[in-house]
Amino acid sequence: MTGLLGQAAAAQTTSSPQATQPPPAVIALSPPPSPAPSPSAAAPSSAPPSTSAPSKVAPQRTEKAIIHKRKTRTGPAGSLLFTGTDGVALTFDDGPDPDYTPVLLRMLAREKIKATFCVVGTQAKRHPELVRAIAKAGHTLCNHTWNHDLKLGKKPVAKIKADMERTNAAIRAAVPNAQIRFFRAPGGHFNGPVVATAKKLGMTSIYWKVDPRDWEHPAGESHPEHRKKIIRIVQKHTRPGAIVLSHDYAQPDTIAAYRTLLPWLRQRFKLVAL
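A short tour of the structure in this document, coming up. These figures come from a predicted structure and were not determined experimentally.

1. Concerning the nonpolar core
Reasoning step 1: In this structure, Leu90, Phe117, Ile171, Phe183, Tyr258, Leu261 and Leu265 are the most contacted members of the largest nonpolar core, which totals 55 residues.
Reasoning step 2: No other element matches the 6 residues that helix H10 (residues 252-268) contributes to this core.

In structure tokens:
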């Protein structure tokens with residue numbers, strides 16, 4: 001009897017500390033929910049997903065909420081990455097080009113797609129008939145500086161303003177009273193003075209979300225390989241609300257790639273001019 005009572009007392013003594021601790025499984029499965037990041041502080045889409053919290057407690061987000069979050073993020077100096085709607089905007093830079101812009105315009109007309117053309121002032125002055133053709137087809141005109149100055153943002157504000165006004169004047173020489181509501185800095189080199197100056201002239205600065213780098217031609221890359229690269233990148237990364245960057249100036253492979261891309265995009269997205 002004494003032995004049995006001793007065993008019982010020992011068992012009670014060793015089990016009591018465990019009884020006062022919460023079960024480990026409850027701790028593992030009930031971490032406090034992480035606060036949702038604000039749109040301005042969200043990590044880039046290329047960043048790996050966080051693994052700090054179990055997937056069971058990850059907040060559920062609807063596709064609508066995800067699209068909204070993407071649309072609210074901005075590019076350099078507050079420039080636009082997204083259209084602000086679910087529509088996808090195709091933008092073509094550096095033209096108009098007498099060889100390739102007319103071909104692209106015919107392709108867009110055939111697919112009933114409107115796009116945005118970011119024109120360079122010197123090209124607009126050389127080819128006013130193409131600026132008129134862009135506007136007549138219902139596409140949007142965008143200011144892309146007078147001569148594609150990659151260092152425009154480093155100049156005094158007065159020179160930045162003069163460059164933008166000179167480009168707008170060249171566009172309006174071809175299309176009087178043209179609505180020029182958008183500006184794109186060459187190379188995407190936006191900064192505060194550039195964006196602020198464009199805004200004072202009534203223009204919103206546009207960056208991009210999808211960039212196939214169609215202007216970049218690595219040594220040894222064939223024309224078919226370059227076209228396939230453009231197609232692959234645009235198809236892989238385009239999502240609702242994205243602004244897609246391409247070039248109609250001196251880029252025959254880009255025009256060829258869009259023969260495939262235009263019908264593919266039209267079947268999957270609402271395509272809009274900004």
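Read on for the rest.
2. Some remarks on the pattern of salt bridges
Reasoning step 1: Applying the stated criterion across every chain yields a total of 7 salt bridges.
Reasoning step 2: The residue Glu111 makes a salt bridge to Arg266 at a minimum N-O spacing of 2.8 Å. Of this pair, Glu111 sits in helix H4 (residues 101-111) while Arg266 sits in helix H10, placing them 155 residues apart in sequence.
Reasoning step 3: Classification of Glu111 as buried rests on a relative accessible area of 15%.

3. Some points on helix H7 (residues 157-174)
Reasoning step 1: Between its first and last C-alpha atoms H7 spans 26 Å; for 18 residues at 1.5 Å apiece the expected length is 26 Å, and the two agree.
Reasoning step 2: Among the structural elements, strand E2 (116-119), helix H5 (121-126), helix H6 (128-136), strand E3 (140-143), strand E4 (182-183) and helix H8 (192-200) are those in contact with the buried residues of H7.

4. Brief notes about the layout of surface pockets
Reasoning step 1: Computed from the structure, the second largest pocket encloses a volume of approximately 250 Å³.
Reasoning step 2: Every residue lining the second largest pocket is counted, 18 residues in all, and those nearest its centre are His148, Gly187, Trp215, Leu245 and His247.
Reasoning step 3: Grouping the constituent residues of the lining of the second largest pocket by class yields 7 nonpolar, 6 polar and 5 charged.

5. A closer look at the side chain of Asn168
Reasoning step 1: Counting through the fold element by element, Asn168 comes out in helix H7.
Reasoning step 2: A distance of 2.9 Å separates a polar atom in the side chain of Asn168 from a polar atom in the side chain of Asn143.
Reasoning step 3: In contact with Asn168, not counting residues within four places along its chain, are Asn143, Ile180 and Met203.

6. Observations regarding the packing of aromatic side chains
Reasoning step 1: Summed over the entire model, instances satisfying the criterion amount to 6 aromatic pairs.
Reasoning step 2: With centroids separated by 6.2 Å and ring planes inclined at 85 degrees, the aromatic side chains of Phe183 and Phe190 adopt a geometry described as edge-to-face. By the burial criterion, Phe183 is buried, and Phe190 matches it.
Reasoning step 3: The interplanar angle of 65 degrees and the centroid separation of 6.3 Å between the aromatic rings of Phe190 and Tyr207 together place this pair among those described as edge-to-face.

7. Describing H6
Reasoning step 1: Buried residues of H6: Leu130, Val131 and Ile134, and no others. Along the axis of H6, the buried residues cluster in a sector spanning 105 degrees; they form a single face.
Reasoning step 2: Considering only its buried residues, H6 is in contact with H4, E2, H5, E3 and H7.

Definitions and cut-offs
Residues numbered from 1 in each chain as written. Predicted model: local features only at pLDDT ≥ 70, side-chain atom pairs only at ≥ 80, totals over all residues. Heavy atoms only, no water. Core = buried A, V, L, I, M, F, W, Y, C linked by side-chain atoms within 4.5 Å. Buried < 20%, exposed > 50% of the residue type's maximum accessible area, 1.4 Å probe, protein only. Helix = DSSP H or I, 4+ residues; strand = E, 2+ residues; numbered from the N terminus. Salt bridge = Lys/Arg side-chain N within 4 Å of Asp/Glu carboxyl O. Expected span 1.5 Å × (residues − 1). Contact = heavy atoms within 4.5 Å. 1 Å grid on protein atoms, 1.4 Å probe; cavity = no way out; pocket = protein on both sides within 12 Å on 5 of 7 lines; lining within 4 Å. Points joined across faces, edges and corners; volume = space filled by probe spheres on them. Nonpolar A, V, L, I, M, F, W, Y, C, P; charged D, E, K, R; others polar. Polar contact = N/O pair within 3.5 Å; in protein donor to acceptor, adjacent residues only side chain to side chain. Phe/Tyr/Trp six-rings, centres within 6.5 Å; stacked < 30°, edge-to-face > 60°. Arc of directions from axis to C-beta.

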